[in-house]
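Structural features, examined
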Protein chains: 2
Amino acid sequence: MDGIRRYLVSEGINPSYQRLKIFEYLLQHKVHPTVDTIYNDLYKQIPTLSKTTIYNTLNLFEQKEIIKSLSIEKNELRYESDTEPHAHFKCNECGDVYDLSKEFPLIIGKTIEGHRVTDQQLYLQGVCKNCS
Amino acid sequence: MDGIRRYLVSEGINPSYQRLKIFEYLLQHKVHPTVDTIYNDLYKQIPTLSKTTIYNTLNLFEQKEIIKSLSIEKNELRYESDTEPHAHFKCNECGDVYDLSKEFPLIIGKTIEGHRVTDQQLYLQGVCKNCS
DNA sequence: GTATCTGCAAAACATTTGCAATTCT
DNA sequence: AGAATTGCAAATGTTTTGCAGATAC
């Protein structure tokens, strides 16, 4: 927890209790949780927690570029603490989202058809190994 | 317009006036419009048009697999009539979304890390050639 | 003590649903 | 007439905003 505190401070973020807990949660739950999932889980430890604080905190983290948001599915934002580019796979059966370790071509930094690329996201969908 | 009518019929879709106009709009506006954009444009020609009809129609088209929806950005669904897999580039300056003709590896049909892939989306972001 | 952070309640959006009126054949 | 379609109004779900109270330095 002290490591997390130091990390947040080093990124210019005031390490409040809620912020520490939310960032710790993202580090420990690498399944790209939604705000609702984060709230329902952390609520057990922090009964006074509100969703507003989770929204505020995630928006702050994203602005400071220590997390990323994924809009894989309509009407559902998901969050992850891994900011390195990597592909995502969403299972249409169980709904789980997996990180893929397989390397795909890195396009960031290149110029394609005249457009300068600064960010890339590869989303795959299908049926995961558990649901096959 | 008669070609569009025949196409809708061939896909099992009753070609009402609104459906014809909405599909024609998507064919003519390949900038991945939102429901709001479609509504604001078509409203001028069809003053009685409602957003509900646009939602109904787009959902029907998507279900019949003659269009695709893109959730590139949070809280904003975009639609396109091109159902072939291709990459998208979104300009963070002007907000426009471009189709890229450059070929990227086709992953659909493959199995990656045990997951069977049936759909793929590559989203790039950055600064487009007009905004550079 | 002053600035920041939290969290309630309300607002703002996009999308869906229920249903009555309209249209088409 | 009968079935499908349209579109209004209300409901739903997610995210944002306003603001008063709590917390931290």
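Thresholds, definitions, all that
- Residues numbered from 1 in each chain as written.
- Chains lettered and ligands numbered in written order.
- Predicted model: local features only at pLDDT ≥ 70, side-chain atom pairs only at ≥ 80, totals over all residues.
- Heavy atoms only, no water.
- Domains from an automatic or database assignment.
- Contact = heavy atoms within 4.5 Å.
- Buried area = accessible area lost by both parts, 1.4 Å probe.
- Phe/Tyr/Trp six-rings, centres within 6.5 Å; stacked < 30°, edge-to-face > 60°.
- Helix = DSSP H or I, 4+ residues; strand = E, 2+ residues; numbered from the N terminus.
- Buried < 20%, exposed > 50% of the residue type's maximum accessible area, 1.4 Å probe, protein only.
- Pairing = 2+ DSSP bridges.
- Near = heavy atom within 4 Å.
- Polar contact = N/O pair within 3.5 Å; in protein donor to acceptor, adjacent residues only side chain to side chain.
- Nonpolar A, V, L, I, M, F, W, Y, C, P; charged D, E, K, R; others polar.
- Salt bridge = Lys/Arg side-chain N within 4 Å of Asp/Glu carboxyl O.

**Remarks on the domain arrangement of chain A**
All names here are of chain A.
- Taken domain by domain, chain A holds domain 1 (2-80) and domain 2 (87-126).
- With 11 residues of domain 1 at the contact, the number on the domain 2 side is nine residues.
- Approximately 830 Å² of surface area, both sides summed, lies buried where domain 1 meets domain 2, with 46% of it carried by carbon and sulfur atoms.
- On the domain 1 side of the contact with domain 2, His32, Lys68 and Ile72 bury the most area, a combined 50% of that side's loss.

**Quick notes on the packing of aromatic side chains**
- For the coordinates displayed, the defined rule picks out nine aromatic pairs over all chains.
- Ring geometry for Tyr39 of chain B against Tyr43 of chain B: centres 5.4 Å apart, planes inclined by 40 degrees, an arrangement best described as tilted. With Tyr39 of chain B and Tyr43 of chain B both in helix 3 (residues 35-45) and four residues apart, this pair spans about one turn of that helix.
- Overall, Tyr39 of chain B belongs to the buried group, its relative accessible area being 18%.
- Take Tyr43 of chain B: its relative accessible area is 40%, and that puts it in the partly exposed class.
- Through a chain of ring-to-ring contacts, three or more aromatic side chains come together here, namely Tyr7, Phe23 and Phe61 of chain A.

**Overview of the pairing of strand 6 (residues 115-127) of chain B**
- For strand 6 of chain B, the buried fraction is high: 10 of the 13 residues fall into the buried class.
- Here strand 6 (residues 115-127) of chain A runs beside strand 6 of chain B; their pairing, made up of 11 bridges, is antiparallel. Counted as the bridge partner of Leu124 of chain A is Gln120 of chain B from strand 6 of chain B.
- The pairing of strand 3 (residues 87-91) of chain B with strand 6 of chain B spans four bridges and is parallel. If you follow Phe89 of chain B over to strand 6 of chain B, its bridge partner there is Leu124 of chain B.
- Examined bridge by bridge, strand 5 (residues 111-112) of chain B and strand 6 of chain B share two bridges and lie antiparallel to one another. Bridging across to strand 6 of chain B, Thr111 of chain B finds its partner in Arg116 of chain B.

**Overview of the protein's contact with DNA strand D**
- As a structural note, the neighbourhood of DNA strand D is formed by 15 residues, with Tyr55 of chain A together with Ser16, Arg19, Thr48 and Thr53 of chain B the closest of them.
- Take the atoms of DNA strand D that sit within 4 Å of the protein: sugar and phosphate atoms are 78% of them.
- Within the side chain of Asn59 of chain A, an N or O atom sits 3.0 Å from a phosphate oxygen of DNA strand D.
- At 2.7 Å, a side-chain N or O of Arg19 of chain B approaches a phosphate oxygen of DNA strand D.
- Broken down by secondary-structure element, the contributors of at least two residues to the surface near DNA strand D are helix 4 (51-63) of chain A together with helix 2 (17-28) and helix 4 (51-63) of chain B.
- Take the surface near DNA strand D: its biggest share by element is three residues, from helix 4 of chain A.
- Residue composition of the surface near DNA strand D, grouped by class: three nonpolar, 11 polar and one charged.

**What about the interface of chain A and chain B?**
- In this complex, chain A contributes 35 residues to the contact, which on the side of chain B involves 35 residues.
- Summed over both partners, the interface of chain A with chain B comes to about 2,900 Å²; 57% of that surface belongs to carbon and sulfur atoms.
- Considering only the surface of chain A that becomes buried against chain B, Lys74, Glu113 and His115 of chain A emerge as the three largest contributors, covering 20% of it.
- At the boundary of chain A with chain B, the tally comes to zero salt bridges.
- Inspection of the region where chain A meets chain B yields 13 residue pairs in polar contact (both at pLDDT 80 or more).
- Of all the elements in the fold, those that place two or more residues in the side of chain A that touches chain B are strand 1 (68-73), strand 4 (97-100) and strand 6 of chain A.
- For the side of chain A that touches chain B, the element with the most residues is strand 6 of chain A, which contributes 13 residues.
- Its residues assigned to classes, the side of chain A that touches chain B comprises 15 nonpolar, 11 polar and nine charged.

**Focus: the protein's contact with DNA strand C**
- Not every one of the 15 residues close to DNA strand C is listed here, only the nearest: Ser16, Arg19, Thr48 and Ser50 of chain A together with Tyr55 of chain B.
- Sugar plus phosphate: this is where 77% of the atoms of DNA strand C within 4 Å of the protein reside.
- At 3.4 Å from a base nitrogen of DNA strand C is found a side-chain nitrogen or oxygen belonging to Thr52 of chain A.
- Here a phosphate oxygen of DNA strand C and a side-chain polar atom of Thr53 of chain A are 2.9 Å apart.

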